[in-house]
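A closer look at the structure
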Amino acid sequence: MTGTLTKLGLLALLGLPAAWAGPLLTLTPNPGSTFNNGFGYSVGYEFTTSSSITVDELAFFADPTLSQSHAVGIYTTGGSLLVSTTVTTADPVSNFFAYHTITPYLLGAGTYVIVGVTGTVDPYSSTPTTFSIAPGVTFVMSEYIVSSTLAFPNSTDSNTGYFGPNLDIAAVPEPGAMLMLGAGLLALGASRLRRRRS
């Protein structure tokens, strides 16, 4: 029994399986629907996550780069700002978004609104050609407000659009893997203790 647990623990040490990690959404912009009308909006969307996720980066649409900084934040559906940052022109771009690293922030299962300030120059994506959302997350609707500073949206849109902001979900080991690792380490410790006593 101890040998089996030791082997399981060693397997867990070699690679803990993690929950899904990566961007909240991926898209392919529709060339005819990537624009900025120069007014300045806070645009975004409401989403629901079925389990807790850890956010380690906030992002803004960049096709192909940014020419100005963009504030991005995550709100409760009641309008309380939970976490925010400014995505800058120096931030790296990956798959149409520039990502700015933040202190990891845990979002519990629930519904949230992510918002980004469009500014007056950089485009944002509306009605993309392709669009997908992370496993365990549901897109609810697009939201916006006319505001050149980060603000909670007061208008909704049923179209799949207004993709300025995004976020990255950090890799977090699944609880079952952590239990297996713990059991393996305990078995490994017990095995070594028995060998010393022999």
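Report follows, based on the coordinates.

Scoring rules and cut-offs
- Residue positions within a chain follow its written sequence, with the count starting from 1.
- Note on the predicted model: pLDDT of at least 70 is required for a residue's local features to be given, and 80 or more for side-chain atom pairs to be given and counted; whole-chain, interface and lining totals, by contrast, use all residues.
- The basis for every side-chain value is the complete set of heavy atoms in the structure, and neither hydrogens nor water enter the calculation.
- Should DSSP find at least two bridges between two strands, the strands are regarded as paired.
- Elements are defined by DSSP. Helices are runs of H or I of four residues or more, strands are runs of E of two residues or more, and each kind is numbered from the N terminus.
- Whenever a helix is involved, its axis is fitted only over the stretch in contact; in every case the axis is a line through C-alpha atoms, and angles between N-to-C directions fall within 0 to 180 degrees.

**Quick word on the sheet that holds strand β13 (residues 137–146)**
Sheet architecture is open: six strands sit in the order β7-β6-β10-β4-β13-β14, paired in antiparallel fashion. For this open sheet the edge positions go to β7 (81–87) and β14 (155–157), each flanked by a neighbour on one side alone. In this sheet, adjacent strand axes meet at a mean angle of 25° when their direction is disregarded. Here strand β6 (residues 70–76) runs beside strand β10 (residues 110–117); their pairing, made up of five bridges, is antiparallel. Paired with Val-72 across the two strands is Gly-116, which belongs to β10.

**Structural notes on the sheet that holds strand β8 (residues 93–94)**
If you trace the five strands from one edge of the open sheet to the other, you get β1-β15-β5-β9-β8, paired in antiparallel fashion. Each of the sheet's edge strands pairs with one partner strand only, and the pair in question is β1 (22–23) and β8.

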